[in-house]
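Examining the three-dimensional arrangement
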Amino acid sequence: MALVLTALLLLASLPLRAADTLYLYNWNNYISEDTVRRFEAHCRCRLKQDYYSDNEEMLAKLEAGAVGYDILVPTGNAVESLVRRKALREIDKARLPHFGNVKREFLDIWFDPGNRYSVPYATSVSLLGYNADKMRELGLPTDTWALIFEPKHLKKIKGRVTVLNSQRELMAAAMKYLGYSVQEHEPARWEEAKQLILRAKPYWAAFSNSTYIKDLAIGTVWVAHGYSNDMFRAQQDAAAAKRPFQIGFATPKEGAVLAVDNFVLHQSGRRPDLAHQFIDFMLAGENAADVSNLIGAGNTNAAATPHILPEIAANPGIFPPPDELQRLEMLRDFDPKLRRTLSRMWTEIKVR
Amino acid sequence: MSAARTQPAGLSKWVVTLPPTIFLLVFFLVPALIVALAGFRETGEFGGLAPWPGLSLDAYRFLLGDVIYLEIFARSFLVAALTTLLCIVFAYPLAWLIARSPKQRRDVLVLLVILPFASNFLVRIYAWIMLLGPANLLYTPFAVIVGMVYAHLPFMVLPLYINLEKHDPALLEAAQDLGANAWTRFWRVTFPLSLPGIFSGSALVFIPVLGMFAVPELLGGTGDILIGNLIKEQFLENRDWPLGSALSIMLTACVLLLAGLAAWAAKRGLHGTEAVS
Amino acid sequence: MKRSQFWLWAAALATYAFLYIPLAVVVLFSFNDSVLNAEWVGFTTRWYVKLLHDDDMLHAAANSLLIALASSSVATLLGAMAGLAMHRYRPRWLPFLVLTPVAMPEILLGVSLLLFFRQVLDLSLGLFSILAAHITFSIGFVAVIVRARLAGMDESTFEAARNLGATPWATFRRVTLPLIMPALVAGFLMAFTLSIDDFVITFFVAGVGVNTLPLQIYSMIKVAVTPEVNAISTLLMALTLTLILIASRIAPDVLKGRA
């Protein structure tokens, strides 16, 4: 009886697959509710979002055969991987009147020459966030990776440092500090990065991908390696909670990792028409500005600039100045052999 | 008459055996074999699997040829064993108390054990972050153990309670009449009888702990990596499905081997206690 | 006797405290007037108000509850059968089949089910795929607890009933069922919490546009743990408690009726 009842309830709760629904597989909090509503009014359709918090989660799910998403928002290297696996639908630029709004420096990048499949949307930089008052007090430099890799600095902040729990990101930071490219193929150089990390590790509190936002904002962690938009969040939170210190963040002078997130159309999407409509809608300046105002992400849209809050637009950690942009590099996927070698190094880093 | 009786008996055997068997064959064994096979394939250029054929033993060779993976296995089994032990220590008094309380109150007490787990796992872990942080215990192996014990405690309390509840109080009274003190009564009567409860509780704690990655990730420090984290990394960071699959299969094989050994040992042990009951 | 009784109570209460202290933090901080939610700032109910207008979250919570109720009901049924079968007929393959899903790392289980649903059955993902997955990983837990209940049971009770001419079904209803009832209740509760808490497997097998609470919370937590997440957890617990209490009122002999 109870079973029948639950079965009925389940049936009742099955989402009615509305004919005019656009399915978006997106990062959480990447588009404001307000913009979603405006788009729904504009297209007279429904926009439904599912969320992922990491490119790899999304790729694994698609690799195993998940279907039905019209639009994904992958980072550059994931775009390349999706293109190579023929998982994407070509974008018809004739249906994107606002495509010209995209800043030139973000077009025609290696992961999608000619932008056949992708339209850039937002950027972030993996950099250092810090408790500005503490850094001043201890006389520590905040514009260099030395802060998290050099024992002479680290001994002043032992146990107050977190770094990203990501093999690619952390090893890339070490490579940048050593003056190498993050797309390096020579295992010996990665070995050097591993040694650098192992030397610094005893001073770190944890590998953290998300808790550092709060740890920074409440003051238990003084230096964190993380994403610029997360640092922006920590900064805002600390200010809102009237903390007696300020959170700062800056791109180390040795260079850092840049992530460019893009709209792409998945092959399995049922509504490419709505998907194009959506991408063009998001390319309009006031809508494109959303992601910057909402979470402090960098913006790839020139028309968005007037709509972005001035304190965000002026933040070099969020919008790298042109000379700094030169020093930023994007992560690129390696071949399986190097991937396994790096994974082995990462395991050793964790175990030792 | 006797024929009529044996026939339904045979029938009821299949009535209870077939449905779960068929369900698990379809929804577990077949899918599991598909991914187990992945351990013998090659990684695709951009992750996932290389196109057929491309069979190889690379993943297993890679894992078996390197002590570091053995070390992580050993470490994980140690953490699982410690968690299980602590769960037994914490769960026993509680389970005993519930089993001995008046009948109409037992369900409420059981419900109270499980209720916190109807909230959300991550939310509870974050609550622990808030509790452990100010005490300077966050990001330590201690925090990992606390999180593990917390997450798995009900899976020890419930089987233990289920077992203790059916013990006949008359047995204990008889022992008391014979002049046995509380400790002797527990050690000679209650404990041996509760062994099946301890065994099943241990299975439900020890095994899931091995695959757990969220607790070490959120509460642990820079050295707290367990086998669960390693497996997660292969699927959700490194795109190395063959390695992830090989690791999982090795873990599952170890667990089943251990479970088999425990069952064998228990059977021998129970023969000893049967004389008591 | 008195003294050992006292220590027993003390130990049991300490364990209850261990279970409830983090929970108290969860509930308390759902009323905290601070987005950062790191320390107590002031009392507010605004997170609950916000929650009532958060359709995504409420829909996810409803999905989670329904999936948990349905999957734990089926898992209890199948798990009880498996437990009985293992105890009485001892087929050699069954313990292996029942225990392996418990031993399998959940990521592998999630990936394998997704591969199976999509590439073998060519099924579109939805609530059904989540249900099937949750039942799969819960059966083992129920079976183990039912078998623990039956372990060491005197088979003569069942035999006596059978010799008195009772049909297998009557034996089951009158003798076996009352005996394993506490295990069924406990097994159901375990399956329920496993289902309502599952993130990893659900992440893989959830279809487009089908969200459960752990999926929703996980994606939010990456950004920030606002008190709203605490509020929904608190409500979920309250709702679970209410549901179970109502169930025990409606069917008192189901929950309480034991021999």
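Quantities reported herein were computed from a predicted structural model and do not represent experimental measurements. (Residues numbered from 1 in each chain as written. Chains lettered and ligands numbered in written order. Predicted model: local features only at pLDDT ≥ 70, side-chain atom pairs only at ≥ 80, totals over all residues.)

Overview of the interface of chain B and chain C
- At the junction of the two partners, chain B supplies 77 residues and chain C supplies 81 residues.
- Elements that contribute at least two residues to the side of chain B that touches chain C include exactly α1 (2-38), α3 (67-100), α4 (103-114), α5 (121-132), α7 (154-165), α9 (182-211), α11 (227-236) and α12 (241-274) of chain B.
- Sorting elements by how many residues they give to the side of chain B that touches chain C places α1(B) first, with 19 residues.
- Classifying every residue of the side of chain B that touches chain C by side-chain character gives 56 nonpolar, 15 polar and six charged. (Contact = placed C-beta atoms within 7 Å. Helix = DSSP H or I, 4+ residues; strand = E, 2+ residues; numbered from the N terminus. Nonpolar A, V, L, I, M, F, W, Y, C, P; charged D, E, K, R; others polar.)

Brief notes about the domain arrangement of chain A
Residues and elements named next belong to chain A.
- Each assigned domain of chain A is listed here: domain 1 (21-123 + 258-328) and domain 2 (126-257 + 331-351).
- Computed over C-alpha atoms, the centres of domain 1 and domain 2 are 26 Å apart.
- Breaking the side of domain 1 that touches domain 2 down by element, the ones donating at least two residues are α4 (76-84), β10 (256-266) and α16 (322-327).
- Looking at which element gives the most residues to the side of domain 1 that touches domain 2, the answer is α4, with three residues. (Domains from an automatic or database assignment.)

A closer look at the interface of chain B and chain A
- Contacts between the two partners involve 26 residues from chain B and, on the opposite side, 29 residues from chain A.
- Of all the elements in the fold, those that place two or more residues in the side of chain B that touches chain A are α3, α10 (214-219) and α11 of chain B.
- Tallied by class, the residues present in the side of chain B that touches chain A amount to twelve nonpolar, seven polar and seven charged.

Considering the pairing of β10(A)
All names here are of chain A.
- Counting buried residues in β10 gives eleven out of eleven residues, a clear majority hidden from the surface.
- As defined by bridge partners, strand β3 (residues 71-72) adjoins β10 across two bridges and the pair is classed as antiparallel. Its bridge partner lying in β10, Ile71 is registered against Leu265.
- Sheet topology places strand β4 (residues 88-89) next to β10; two bridges connect them, and they run antiparallel. Within β10, the position partnered with Leu88 by the bridge is His266.
- Looking at chain direction, strand β5 (residues 118-131) and β10 are connected through eight bridges and run antiparallel. When the bridges of β10 are listed, Pro120 appears paired with Asn262.
- Inspection of the sheet shows β10 paired to strand β12 (residues 328-329) by two bridges, in the parallel sense. Paired with Val257 across the strands is Glu329, a residue of β12. (Buried ≥ 20, exposed ≤ 12 C-beta atoms within 10 Å, placed from the backbone. Pairing = 2+ DSSP bridges.)

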